[in-house]
Amino acid sequence: MPLNKKFIATLGLLSVVVLGAMTSMTTKKPQDEGFKNLKVLPKNISNDNLHKIMEEWEHSLGVHCNFCHVRNEETKKMDWANDTKPEKEMARDMFKMMNKINQKYFSAKKDSLGMIMQSGVNCNTCHRGSAHPEVVVPEGHGPGAAPAPAPAPAGAPAQSN
């Protein structure tokens with residue numbers, strides 16, 4: 001029985017499409033494995049959420065990415081996973097401290113990623129745009145300062161030195 005030319009053309013075209021699809025599936029890059037070296041942020045955080053958090057930290061501390069992250073001089077790109085700079089570990093510690101404060105004192109709830117949804121304090125609460133906020137103790141109230149004299153009771157004679 002002779003084969004129809006349309007049938008052969010259709011079969012040939014279908015073969016090309018199927019082979020093309022199979023080739024693209026086998027040569028396709030492996031799916032992104034996610035971010036590397038996340039220790040306090042959720043491993044399944046989205047790129048948008050990670051970017052928002054990093055921008056919040058950047059603005060709260062008045063710094064840029066290179067404050068915590070190092071640049072790979074060979075590739076001329078930022079090496080986000082590198083832990084060389086101590087500022088990066090400090091940021092992690094401060095983030096954990098902030099979360100503990102919010103959970104203990106402000107009953108902050110976590111979202112589906114494990115991130116604090118509402119908080120009483122954040123990085124900006126203390127830093128206010130400064131990477132190293134100055135600790136200011138009210139005058140006369142620092143360590144070793146003499147206690148303020150108690151007010152004299154009403155009707156008592158005033159003391160003189």
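Definitions and limits used
Residues numbered from 1 in each chain as written. Predicted model: local features only at pLDDT ≥ 70, side-chain atom pairs only at ≥ 80, totals over all residues. Heavy atoms only, no water. Helix = DSSP H or I, 4+ residues; strand = E, 2+ residues; numbered from the N terminus. Buried < 20%, exposed > 50% of the residue type's maximum accessible area, 1.4 Å probe, protein only. Contact = heavy atoms within 4.5 Å. Areas by Shrake-Rupley, 256 points an atom, 1.4 Å probe, with all protein chains shown as cover. Core = buried A, V, L, I, M, F, W, Y, C linked by side-chain atoms within 4.5 Å. pLDDT = per-residue confidence, 0-100. Salt bridge = Lys/Arg side-chain N within 4 Å of Asp/Glu carboxyl O.

A tally of helices and strands in the protein chain yields four helices and two strands. For the protein chain, the α and β elements follow one another from N to C terminus as α-α-β-β-α-α. Looking at the protein chain as a whole, 16% of its 161 residues qualify as buried. Sequence-distant contacts, at least 24 apart, represent 39% of the contacts inside the protein chain between residues at least 6 apart. Element-wise, carbon and sulfur atoms account for 60% of the exposed surface of the protein chain, whose accessible area totals about 13500 Å².

With that out of the way, let us pick up the nonpolar core. Soluble, globular proteins show a tendency: their nonpolar side chains are buried together. Counting 14 residues, the largest nonpolar core has Leu 41, Ile 45, Ile 53, Trp 57, Phe 95 and Met 115 as the members making the most contacts within it. Contributions of two or more residues to this core are made by helix 2 (47-61) and helix 3 (86-106). Those residues in contact with Ile 53, other than ones at most four positions away along the chain, are Leu 41, Ile 45 and Met 115.

Interpretation of this model should avoid reading the predicted coordinates in detail wherever pLDDT is low. In this model, the protein chain carries a mean pLDDT of 81, and residues with pLDDT of at least 70 account for 68%. This stretch, residues 26-31, has a pLDDT under 50; its non-local contacts, to residues over four places away or in other chains, come to zero contacts.

Time to look at the pattern of salt bridges. For the coordinates displayed, the defined rule picks out seven salt bridges. One salt bridge in this structure joins Lys 88 and Asp 83, with 3.2 Å as the shortest N-O distance. Its salt-bridge partner being Asp 93, residue Lys 96 comes within 3.8 Å of it at the nearest N-O pair. You can see Lys 96 and its partner Asp 93 sitting in helix 3, three residues apart, about one turn around the helix. Here the salt bridges share partners, and the residues they tie into one network are Lys 39, Asp 83, Lys 88, Glu 89 and Arg 92.

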